[in-house]
Structure formats: structure tokens, C-alpha cells
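Per-entry structural report
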Amino acid sequence: MRRPLLSVLLAAGVALSTVAATAPAGADAPPTSQGRAKFTEPLVHAHRGASGYRPEHTLAAYRLAVQQGADYIEPDLVMTKDGVLVDRHEPEIGGTTDVASHPEFADRKVTKTLDGKATTGWWVEDFTLAELKTLRAKERIPALRPESASFDGQFEVPTLEEVLTLREELSVQTGRTVGVIPEIKHSTFLHDAGLDPEVALMEALTAHRLNRANAALWVQSFELTPLIRLDDELGYKANLVFLVSASGRPYDLEAQGDPRTYTDLLTPTSLRALSKDIDGLGVDKSRVIPRRADGTLGTPTTLVADAHRVKLDVTPWTFRAENSFLPVDYRIGTNPATHGRMGDEVTRFFEAGVDGVFCDQPDICVAARAEFLARP
């Protein structure tokens, strides 16, 4: 690859806590040597923050995630009408904010085509930042997460600037490097709206001194075009992650008439070509260990080995503790909201050799990792 692979994993036998204790506050964790380091510790990424306990993509969710031991926090990025990167899972915000209760914004509810599908709701790009800041976040799945829903209405929609500043503060407070793994959401859609998320992201990363090869930084996208543009045109120096769904194909390729699917892009030949621009894969966890027809967890695929062969990291998503999301054989009882055996599930993936995991409940993944690493 053009850049050294930065897994932010540590040299064999050195624990993350040891490095945290000796590194300067806020410093970046050391990169691996050229090529793949000996596998030691998988990273725990806080998926949208500690989103199993607080409304997703809020500063409170990120703070809690870091308190629980997460190595990285994940902001998903969309853009306001006035060109500010903000943190929401989708440009449509009806399900994650209280916008529907604001009569002054009733006329903003419209139907748009998002990645080829008609979607009705309120859209970030139709709001200025000042207008967006009058809204408050809410829990997306309250029936499954009543604890998180109890915090509805308390937190603003953060900007990327606020998230990066928080990352710096948390690194100082904890005495360890807190990484950040932002995702550019729906780049093709945003460009069609006259916005440029890649340029805005580069400006923010540069301002926060993160555009370095040794930064604890990965940028993600389900589309290839923004990743290649960052790598080839915009001078991006850190790590890039291509996100892969369980099915379908990248929308940018679809819009360009390219017939390749996500499955096509995961062949060994394709992975070798992709490794010239990207450093890792963020995959639906079924790509690593699929479920059997009866809903139980099956047998690992060759994806991790195929990716490691060309020096690509593999980080599956998303691990969620509620029975509703778990394989049948890892559930406890029949209540869909009850926490099942997610720690045991994620351990199966550690055993399969993954380089990290995206978790809604980071504390469970951190505990599972500790138990896994303590094995004789």
C-alpha cells in the first residue's frame, strides 16, 4: 500500500493500558511496522457512541463510551444547509430528533430520493446549523432501549468540530489516546445537493492536526468514490475504511453505471486492488460469521484471511446486546429488549481474527476482550 497500514494495534504482548499509562496525554498510539503486526488486541469502536445507553450521536454518548473503555468513537457525518458537518446517522432526522414536535419546521417535511429510494422526512441539508441547534436528540428504538429514551430531549445535535474537540478533552482526561472513526454518509446524495463533505472533513481534520499518517484516525464510507478522492486528490494521510453491507452495492457505483456489488468487491483479486487506496474493511458481521438458516451463529468465512493477506484490517458491525439483534443461540429468554450473551458472540469474532468490533454497548465488548486476551 502507499501508506503503512495503521491498525493502532500494539506490539506483541503490550497491553493498551500499558501504552496509555506511558504515552503523553492526547498523544497518538504508535503505528504498526510496515506490513501486518502480530495480532494482539482487537479495537473496540463505540458505534455512534455508547448508543445502547444514550441517544446515538450525542456528546453524552461519546463521553460514556470512553468512560467504558472504548478505543474509538464514531461520528456519522451529514451537512447542514450552510455547509457544516454535523453528526447524524442519516440526513433524514425524523427518527433521531424531536423535529416533528417543532411546528415552525412542519413545512420542512418533504419526500426526497436517497440512494434511489423515496424517503419522507426532515433533512439536515434543509436546516441551517442555528436551526438544527434548536432540536434535541432522541432514542431511535425506545421500545428496546428505555434507559436511553429517558434521556430524550436533553442533548443537542453535535457538529464534527464539537466531536473532535471532545475527543481531545477525553484523551487528556483519561491519559490515553481516544481515536475517532468518522463516516461520510451518502456522499453522492450530498454532492447532488451542492455540498462537499470531503473538503469540509479535510478542513476539520487539518485544523485538529489529525491529517497525519500516525493519527488515531480512520475515515469510512459505504461509497468508494469519496475514499479514493481523499486518497488521490485531497492529500488525506491517515487511514481509510470501505464499509460493506450484507448485500447490495455501493450507491456511487450504481449511479455511475458500475455493476459491481459488495460481494464482487470482496473477492481476493478485488481486495488486492482496493488495498492500493484503503486500509481496512468495515463489514456487516454476517460477512465474517454468517448465521445458519435457523438463526444460530454459523462458521467463519475466509474474508478475514483474504483481507489480511493484502494487509487490510477487518472490523465487523454491529454488536448489540438486545435479544432482538442476537443470534438465536445467544439470546436469554424471549423478551426482545433483554440483554443476551453479546459478550460471547463478540468473542467468536475475536477468535476469527478480526481487528476490531463496532459495539452499541462498549463496556460489554471491552470486558469480553479482556477475558479473551486473558486466556492462557
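Up top is the structure.
Read on for a plain summary of the structure. Note that the structure is predicted; figures quoted are calculated from it, not measured. (Residues numbered from 1 in each chain as written. Predicted model: local features only at pLDDT ≥ 70, side-chain atom pairs only at ≥ 80, totals over all residues. Heavy atoms only, no water.)

1. Some points on the overall build of the chain
How we decide: By definition, any uninterrupted DSSP run of H or I lasting at least four residues is a helix, any uninterrupted run of E lasting at least two residues is a strand, and each is numbered from the N terminus. Residue burial is assigned from relative accessible area. The probe radius is 1.4 Å, only protein chains are included, and a residue is buried under 20% of its type maximum, exposed over 50%, and partly exposed in between. Note on definitions: a residue-residue contact is assigned when non-hydrogen atoms from the two residues lie within 4.5 Å. Areas reported here follow the Shrake-Rupley algorithm with a probe of radius 1.4 Å; residue values treat only the protein chains shown as occluding.
Assigned secondary structure in the chain consists of 14 helices and 13 strands. Taking all 376 residues of the chain together, the buried fraction comes to 57%. Contacts spanning at least 24 positions in sequence make up 69% of the contacts within the chain whose residues lie at least 6 apart. Of the accessible surface of the chain, which amounts to about 14800 Å², a share of 53% is contributed by carbon and sulfur atoms.

2. Details of the nonpolar core
Let me state the cut-off plainly: In these notes, a set of buried Ala, Val, Leu, Ile, Met, Phe, Trp, Tyr and Cys residues joined through side-chain atoms within 4.5 Å is what counts as a nonpolar core.
If you look at the biggest cluster of nonpolar residues, it comprises 70 residues, and the most contacted ones within it are L217, V219, Y236, F242, L281, V288 and V357. Those residues in contact with V288 that sit more than four places away from it in its chain are V283, T299, P300, T301, L303, V304, V314, P316, F349, A352 and V354. Within the second largest apolar cluster, twelve residues are counted, among which are V124, F127, L129 and L135.

3. Regarding the packing of helix α7 (residues 197–207) against helix α8 (residues 224–232)
Defined as follows: Geometry is summarised by axes, namely lines fitted to C-alpha atoms with helices restricted to the contacting stretch, and by angles between N-to-C directions that run from 0 to 180 degrees. Orientation categories follow fixed angle ranges, with anything under 35 degrees roughly parallel, anything over 145 roughly antiparallel, 65 to 115 roughly perpendicular, and all other angles oblique. Less than a right angle of anticlockwise turn of the near helix away from the far helix marks a crossing as left-handed, whereas a clockwise turn marks it as right-handed. Note that Gly is not counted as nonpolar here; it falls among the polar residues with everything else outside the nonpolar set of Ala, Val, Leu, Ile, Met, Phe, Trp, Tyr, Cys and Pro and the charged set of Asp, Glu, Lys and Arg.
Put simply, α7 and α8 touch, their axes get as near as 10 Å, and they point 45° apart. When the axis of α7 is compared with that of α8, the two are oblique. For the pair α7 and α8, the sense of crossing is right-handed. Mapping the contact onto sequence places E198, V199 and M202 in α7 and P226, R229 and L230 in α8. In the contact of α7 with α8, the residues fall into four nonpolar, no polar and two charged.

4. A word on the packing of helix α2 (residues 59–67) against helix α5 (residues 160–174)
Interaxial distance between α2 and α5 falls to 11 Å at its minimum, and their mutual angle equals 25°. Between α2 and α5, the angle is such that the two are roughly parallel. The interaxial crossing formed by α2 with α5 has right-handed handedness. Counting all contacts with α2, which are made through L59, Y62, R63 and V66, the residues of α5 involved are E162, V163, L166, L170 and T174. Split by residue class, the contact of α2 with α5 holds six nonpolar, one polar and two charged.

5. Observations concerning the side chain of D71
Where we set the bar: A 3.5 Å cut-off defines polar contacts: any pair of N or O atoms within that distance qualifies, except that in protein one atom must be a possible hydrogen donor and the other a possible acceptor, and neighbouring residues in sequence count only when both atoms are side-chain atoms.
Along the chain, the position of D71 falls in the loop between α2 and β2 (72–73). Separated by 2.7 Å, the side chains of D71 and R369 make a polar contact.

6. Points about the packing of aromatic side chains
Rule in force here: When two rings of Phe, Tyr or Trp (its six-membered ring) have centres within 6.5 Å they constitute a pair, described as stacked for plane angles under 30 degrees, edge-to-face for angles over 60, and tilted for the intermediate range.
Inspection of every chain in the model, using the stated rule, returns seven aromatic pairs. Ring geometry for F105 versus F127: centroids 4.9 Å apart, planes at 70°, classification edge-to-face. Of this pair, F105 sits in the loop between β4 (85–87) and β5 (110–114) while F127 is found in the loop between β6 (117–121) and α3 (129–132), placing the two residues 22 residues apart along the sequence. Judged by its relative accessible area of 0%, F127 is buried. Between F151 and F155 the ring centres are 6.2 Å apart and the planes differ by 20°, which places this aromatic pair in the stacked class. Given a relative accessible area of 18%, F155 falls into the buried group.

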